[in-house]
Amino acid sequence: MMVEIVFYVFAATAILSALMCITQRNPIASAFWLISTMLALAGIFVLLEAHFIAAVQVLVYAGAIMVLFLFVIMLLNLSGRVSDIRGRLSWVVATVIAVALTASLIGLRAYTPERLAQEVTGSLQITPDVAFQSGDLARAAAESRGVIGVFAEPLFGTYLVPFEITGLLLLTAIVGAVVLAKRRL
Amino acid sequence: MNPELKGFLLLSVAKMLVVFVAVLIWVALLTLMERKVSAWIQNRLGPNRVGPGGLLQPAADGLKNLVKEETLPKVANPILFLLAPAMSFVPALLMSAIIPFAAPLPLDFDFSLPLLGRFVHAGSTPMVVADLPVGFLFVLAISSMGVYGIAIAGWSSNSKYSLLGGLRASAQMVSYEVALGLSVIPILLLAGNVSFSSVIADQQGGLWYVLPLFLAFFLFVVSGLAETNRLPFDMPEAESELIAGFHTEYSSMKFAMFFIAEYANVITVSAMTVTLFLGGWDIPFTAWDQQGGLLQTLATGSFFVVKVMFFVFLFMWIRWTLPRFRYDQLMSLGWKFLIEVATVYFVVIAIAIHLIGRVWGVTDPRAMGWWLFALNLVLCYIVFVLLDRGLVIEGSSPQRRPVPPSVTSEAMES
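As the structure is a prediction and not an experimental result, all values here were calculated from the model.

Chemist: Would you take a moment to explain the overall build of chain A for this structure?
Modeler: The number of helices and strands found in chain A is eight helices and zero strands. Put simply, chain A runs from its N terminus to its C terminus through helices and strands in the order α-α-α-α-α-α-α-α. Here chain A holds 185 residues, and 22% of them are scored as buried. Long-range contacts, defined here as pairs at least 24 residues apart, represent 46% of the contacts in chain A between residues at least 6 apart. Accessible surface computed for chain A: about 13100 Å², of which carbon and sulfur atoms make up 72%.

Rendered as structure tokens:
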């Protein structure tokens with residue numbers, strides 16, 4: 001009951017902030033509404049017992065990436081001159097994207113926990129509660145191994161190769177950025 | 001609502017009130033302490049007219065800030081200009097919520113109030129507002145939110161000094177956050193968990209982390225100093241270049257809120273250092289403090305305050321002793337020294353823990369601590385003596401330039 005109330009507070013904040021983010025004319029205000037959305041999402045992650053994801057959401061997205069966004073907006077001093085992206089063609093593109101996203105959302109409604117459990121495990125014998133650990137199990141795991149342990153063991157065990165590939169990809173991106181940005185190496 | 005939940009809520013609200021009021025009063029007293037310490041270092045007396053020994057000076061300052069005229073620059077963005085002080089004030093206070101300040105207090109109560117009903121609580125109460133499982137990740141996350149207040153104060157004032165201050169602040173804080181985050185990884189390796197309570201418990205069982213992880217301690221204090229934007233890292237408000245930097249256009253209480261945020265940050269960074277490296281509320285050389293009870297809670301609480309005050313004093317001492325860095329020196333210190341050293345250090349510590357713990361089979365945390373301390377002595381020699389040939393902080397050591405022969409001959413003739 002309490003958890004549901006808190007969830008709806010965070011969910012309403014996230015949706016309202018997202019709406020404000022795309023309707024504000026001032027880019028700095030938009031950026032702040034985006035930060036507000038991210039903080040509300042972090043709250044929802046905490047309700048799902050994903051403390052580490054919540055902390056990283058605030059640390060990386062709200063704390064580091066948005067600072068760089070703000071940095072760029074402040075340096076370019078964009079405020080007040082944003083009408084050039086609101087032409088007729090933009091409206092058509094925006095409508096098409098919005099319709100596509102709404103359609104995919106409606107499509108995703110078919111993904112009930114039961115169906116997901118079936119797709120993950122390949123049979124209907126396993127109930128969603130077992131396939132997707134409920135909050136109590138996640139809480140117990142976090143208490144016994146710590147929030148980092150719960151997260152790190154699968155990441156560096158089962159999913160080590162995808163993790164390393166992602167790391168390599170990011171390294172490539174960093175090297176590419178340095179090569180592009182630096183005129184004289 | 002059941003009585004247990006109500007008891008928990010009552011305790012939480014009480015702890016919140018106590019912690020936040022205590023931090024605010026502490027901040028007020030720190031402004032006086034800063035002036036007294038600076039006076040002592042500069043051989044002056046400092047404020048001594050208001051109250052006994054100047055003790056009521058913070059109250060007078062607060063009153064002055066409340067009744068002073070509020071100014072709002074015509075070209076400023078009014079909403080963000082008003083929002084900015086709050087945005088630097090709130091994260092600074094929020095961080096004090098998760099630092100344990102004393103040993104857990106066993107507390108049992110069961111009473112009823114008219115209208116509100118029955119309150120029940122049993123068992124030991126951790127002396128922290130919220131013992132979050134994410135521990136110091138939360139502090140890193142919230143401290144990264146603190147940069148918005150300063151950056152937005154600079155931008156919304158719409159003045160070039162403020163903007164430069166705000167930009168410097170965001171660049172500096174983003175850079176040093178990386179070093180701050182990397183310097184706590186060795187603690188994670190040693191404690192195996194991020195929550196403050198387990199970090200303190202681990203230090204009580206072994207050594208305080210300042211010995212086995214001395215280099216991490218050094219890196220943490222330096223980057224923490226940069227995170228609080230205090231001298232020698234106070235680029236965002238460097239008064240000789242930027243008048244007052246990001247808060248040039250602010251007056252009265254809004255200015256005071258930036259000030260409170262700065263001192264609250266000093267307290268938080270000191271308390272973090274104490275909790276992560278100096279055993280938190282642990283009293284050394286005794287197990288007496290782990291038994292629980294009112295006396296233990298009071299004693300450990302005062303000991304924690306003493307330890308935090310030591311670091312607060314250290315920060316003030318540094319502020320009134322060292323000159324300000326040049327901006328490029330600050331950036332090269334952050335990116336070219338602290339981050340590299342922190343990265344290499346946690347790799348070395350990880351290998352050392354694996355070798356000592358798994359290969360040599362040392363399981364006693366105290367023995368492990370002493371081995372790591374020996375390793376740290378070697379690493380400190382390498383970092384502070386061998387690597388530092390005037391390179392760590394560019395140009396801080398006097399560089400002897402070869403004197404042109406013509407000058408010496410002229411000097412000798414005259």
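Now, onward.
Chemist: Hey, could you run me through the side chain of A:Thr37 in this one?
Modeler: Tracing the backbone shows A:Thr37 in helix α2 (residues 27–47). Residues contacting A:Thr37, with those up to four places away along its chain left out, are A:Ala14, A:Ser17 and A:Ala18.

Chemist: What should I look at first to understand unusual backbone geometry in this one?
Modeler: If a residue is not glycine, its phi is most likely negative; likewise, a peptide bond is most likely trans. Residues and elements named next belong to chain B. The phi dihedral of Asn 43 is positive, around 60 degrees, even though this residue is not glycine. Turning to its location among the elements, Asn 43 is positioned in the loop between α1 (3–41) and α2 (57–67). Asn 43 gets classed as exposed once you look at its relative accessible area, which sits at 72%. Unlike most non-glycine residues, Asn 158 shows phi in positive territory, near 60 degrees.

Chemist: When you look at the confidence of the model for chain A in this model, what are you seeing that I'm missing?
Modeler: Confidence along chain A averages 81 in pLDDT terms, with 83% of residues attaining 70 or more. Mean pLDDT across the elements of chain A ranges from a minimum in helix α6 (residues 128–131) of chain A, with 58, to a maximum in helix α8 (residues 160–181) of chain A, with 92.

Chemist: Got a minute to help me understand the nonpolar core in this structure?
Modeler: Within soluble globular proteins, side chains that are nonpolar generally end up buried alongside one another. Counting 95 residues, the largest nonpolar core has B:Phe136, B:Leu213, B:Phe233, B:Leu276 and B:Phe277 as the members making the most contacts within it. Not counting chain neighbours up to four residues away, the residues in contact with B:Phe277 comprise B:Ile187, B:Gln203, B:Trp208, B:Tyr209, B:Val210, B:Leu213, B:Ala216, B:Phe217 and B:Phe220. Within the second largest apolar cluster, 35 residues are counted, among which are A:Ile35, A:Met66, B:Ala84 and B:Leu167.

Chemist: Just to check I follow, could you spell out the pattern of salt bridges for this structure?
Modeler: All names here are of chain B. Counted according to the given criterion, the structure contains four salt bridges over all chains. Across the pair Arg 319 and Glu 34 runs a salt bridge, and its minimum N-O distance is 3.6 Å. With Arg 319 in helix α11 (residues 294–319) and Glu 34 in helix α1, this pair connects stretches of sequence that are 285 residues apart. Given a relative accessible area of 4%, Glu 34 falls into the buried group. Two residues, Lys 254 and Glu 70, come together in a salt bridge whose shortest N-O distance is 2.5 Å. Note that Lys 254 is positioned in helix α10 (residues 252–277) and Glu 70 in the loop between α2 and α3 (78–94), a separation of 184 residues in sequence.

Chemist: Can you walk me through the side chain of B:Ser38 in this structure?
Modeler: Note that B:Ser38 resides in helix α1. Non-local contacts of B:Ser38, meaning those with residues more than four positions away in its chain, are made with B:Arg44 and B:Trp320.

Chemist: What's the story with the pairing of strand β3 (residues 117–121) of chain B in this structure? I'm lost.
Modeler: Regular strands place side chains that alternate from one sheet face to the opposite one. Where strand β2 (residues 109–113) of chain B and β3(B) come together, five bridges link them in antiparallel fashion. Looking at β3(B), one finds that B:Ser112 is bridged to B:Arg118.

Chemist: What am I meant to see in the layout of surface pockets here?
Modeler: Over the atoms rolls a probe the size of a water molecule, and in doing so it shows where empty space is left. Taken as a whole, the second largest pocket encloses approximately 1800 Å³ of empty space. Listing elements by their share of the lining of the second largest pocket, those giving two or more residues are α3 (51–76), α7 (135–156) and α8 of chain A together with α4 (136–156), α5 (160–183), α6 (185–191) and α12 (327–359) of chain B. Partitioning the lining of the second largest pocket into residue classes produces 29 nonpolar, six polar and four charged. Here the lining of the second largest pocket gathers at least three residues from each of two domains, domain 1 (1–81) and domain 3 (132–185) of chain A.

Calculation criteria
- Residues numbered from 1 in each chain as written.
- Chains lettered and ligands numbered in written order.
- Predicted model: local features only at pLDDT ≥ 70, side-chain atom pairs only at ≥ 80, totals over all residues.
- Heavy atoms only, no water.
- Helix = DSSP H or I, 4+ residues; strand = E, 2+ residues; numbered from the N terminus.
- Buried < 20%, exposed > 50% of the residue type's maximum accessible area, 1.4 Å probe, protein only.
- Contact = heavy atoms within 4.5 Å.
- Areas by Shrake-Rupley, 256 points an atom, 1.4 Å probe, with all protein chains shown as cover.
- pLDDT = per-residue confidence, 0-100.
- Core = buried A, V, L, I, M, F, W, Y, C linked by side-chain atoms within 4.5 Å.
- Salt bridge = Lys/Arg side-chain N within 4 Å of Asp/Glu carboxyl O.
- Pairing = 2+ DSSP bridges.
- 1 Å grid on protein atoms, 1.4 Å probe; cavity = no way out; pocket = protein on both sides within 12 Å on 5 of 7 lines; lining within 4 Å.
- Points joined across faces, edges and corners; volume = space filled by probe spheres on them.
- Nonpolar A, V, L, I, M, F, W, Y, C, P; charged D, E, K, R; others polar.
- Domains from an automatic or database assignment.

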